[in-house]
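Commentary on secondary and tertiary structure
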Amino acid sequence: VLNLAGIVRQLIADKLAVDVANDDSDLLAEGVLDSVTLVQLIMHLEQTFDIRVELADLEIDDLRSVRSMAALVGKLRESQHASDPELARATASVV
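All of the points below concern the structure found in this document. (Residues numbered from 1 in each chain as written. Predicted model: local features only at pLDDT ≥ 70, side-chain atom pairs only at ≥ 80, totals over all residues. Heavy atoms only, no water.)

Topic: the environment of Leu27
Within the secondary structure layout, Leu27 lies in the loop between helix H1 (2-16) and helix H2 (35-49). According to the relative accessible area criterion, Leu27 is buried, its value standing at 1%. C-alpha of Leu27 to C-alpha of Arg64: the two residues are 37 residues apart in sequence and 5.5 Å apart in space. Among all residues touching Leu27, those that are not within four sequence positions of it are Ile12, Val20, Val32, Leu33, Arg64, Ser65, Val66 and Met69. (Helix = DSSP H or I, 4+ residues; strand = E, 2+ residues; numbered from the N terminus. Buried < 20%, exposed > 50% of the residue type's maximum accessible area, 1.4 Å probe, protein only. Contact = heavy atoms within 4.5 Å.)

Here it is in structure tokens:
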């Protein structure tokens, strides 16, 4: 999860022009992320990690911090790529 957190933090910096100093910072409460940037961030997470974030299954707490986003990405990658070991290895090399 630590490597994923670093990639998520860099993705936020690169795509949303926001520097996150602490992986546990509540980005929603601090006003760093709003509804528009959340949608953009979800799209970037899906593209970067080859995952599908189902909004119906998404909890707002999954997107509160870099650490919670990294945990979500890890969980989705594991569940969505479990049936395809080659794809799982390929996406694991991203981290």
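Re the nonpolar core
Judged by nonpolar contacts, the single largest core of 26 residues is most densely connected at Val8, Ile12, Leu33, Leu41 and Met69. Leaving out residues up to four positions away in the same chain, Val8 has contacts with Leu45, Phe49, Val66, Met69 and Ala70. (Core = buried A, V, L, I, M, F, W, Y, C linked by side-chain atoms within 4.5 Å.)

Here's the deal with the environment of Glu78
Examined against the element boundaries, Glu78 turns out to sit in helix H3 (residues 66-81). Of the residues examined, Glu78 reaches a relative accessible area of 61% and is grouped as exposed. Sequence-wise, Glu78 and Ile51 are 27 residues apart; in three dimensions their C-alpha atoms are separated by 9.6 Å.

Overview of the pattern of salt bridges
In the structure shown here, the tally under the stated rule is six salt bridges. Residues Arg52 and Glu46 are paired through a salt bridge, measuring 2.7 Å at the closest nitrogen-oxygen approach. With a relative accessible area of 16%, Glu46 lands in the buried category. As a salt-bridge pair, Asp61 and Arg64 come within 2.7 Å of each other at their nearest N and O atoms. Asp61 sits in the partly exposed class, given a relative accessible area of 47%. One salt-bridge network, held together by shared partners, links Asp26, Asp61 and Arg64. (Salt bridge = Lys/Arg side-chain N within 4 Å of Asp/Glu carboxyl O.)

Bear in mind that shape data such as this cannot, by itself, settle questions of function.
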